[in-house]
Structure formats: structure tokens, C-alpha cells
Amino acid sequence: MKKYLVSIFIAFSALVMLNGCVVSEQKLTDKVKEAIVNDEQSNGKTLEVTEFSLDQKEGKTQKGVLKGKLDGEDVVYDVKVVDEGSDFDVDWELKK
């Protein structure tokens with residue numbers, strides 16, 4: 001019985017930790033999206049994000065694509081994020 005309870009506790013702990021990673025990924029995506037929108041606003045432009053995902057992950061670096069409308073025109077950005085845990089660096093480039 002004791003082994004059974006320990007096994008359940010370990011499985012539950014693993015699920016909690018996994019769920020924490022999913023939330024962190026969503027928070028990171030939201031913060032990156034917000035940073036890009038705010039940067040365009042500071043340049044006097046309006047960016048409406050229609051789609052954004054970080055798909056490719058290599059260590060601490062993640063790459064993805066952000067699609068949206070910049071002042072009413074369709075745009076696509078290549079996005080690169082280096083996640084340092086409590087902080088992150090974002091680079092993005094408008095595809096032409």
C-alpha cells in the first residue's frame with residue numbers, strides 16, 4: 001500500500017510540474033507578443049496580432065512566426081526568443 005501511495009504522489013507531482021511548464025510557455029508567448037506590439041506602438045504604428053506561435057525549440061532558444069496587420073496591411077514577422085527563466089530576449093524581423 002505504501003508503494004502505491006508513493007507512486008501516486010510521484011505521478012501527481014509530475015503532472016503539476018508539467019502543467020507549470022505549459023503555463024510558463026503561454027506566459028512567455030503573451031509577453032513576447034506584447035513586447036512586439038508595444039514596440040510598433042512606440043514607432044507610431046498599430047499592430048493587430050492574428051496568429052503567433054513559438055514552434056522550434058533549441059535549448060533556451062525558441063523560434064516562431066507572428067502574423068498580423070500593421071496599420072491595416074498583412075505582415076509576417078520571424079521571431080526568435082532566448083528564454084533565461086526570469087528574463088528573456090526577443091528579436092524579430094519583418095518579412096518582406
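Reading the values: rules and limits
- Per chain, residues are indexed from 1 in the order of the written sequence.
- Whole-chain, interface and lining totals are the exception, using all residues; otherwise, since this is a predicted model, local features are given only for residues with pLDDT of at least 70 and side-chain atom pairs are given and counted only at 80 or more.
- To obtain the side-chain values, all non-hydrogen atoms of the structure were included, while hydrogens and water were left out.
- For two strands to count as paired, DSSP must find a minimum of two bridges between them.
- Strands here mean DSSP runs of E at least two residues long; helices mean DSSP runs of H or I at least four residues long; both are numbered from the N terminus.
- Lines fitted to C-alpha atoms define the axes here, with helix axes fitted over just the stretch in contact, and angles between the N-to-C directions of these axes take values from 0 to 180 degrees.
- Categorising residues by exposure relies on relative accessible area from a 1.4 Å probe, with only protein chains included: less than 20% of the type maximum marks a residue as buried, more than 50% marks it as exposed, and the intermediate range marks it as partly exposed.

> What should I look at first to understand the sheet that holds strand β2 (residues 61–70) in this one?
Paired through their backbone hydrogen bonds, the strands of a sheet run either parallel or antiparallel. Within the open sheet, the 4 strands sit side by side as β1-β2-β3-β4. Their pairing is antiparallel. With one partner strand each, in any of the chains shown, β1 (47–58) and β4 (88–94) form the two edges of the open sheet. Averaged over neighbouring strand pairs, the angle between their axes works out to 20° when direction is ignored. Here β1 pairs with β2 via 10 bridges, running antiparallel. Residue pairing across strands places F52 opposite L66, the latter belonging to β2.

> Sorry if this is basic, but what is going on with the environment of G44 here?
For G44, the position within the fold is in the loop between α1 (2–42) and β1. What makes G44 exposed here is its relative accessible area of 64%. Sequence separation between G44 and D71 is 27 residues; the distance between their C-alpha atoms is 9.6 Å.

Taken by themselves, the reported measurements are silent on function.
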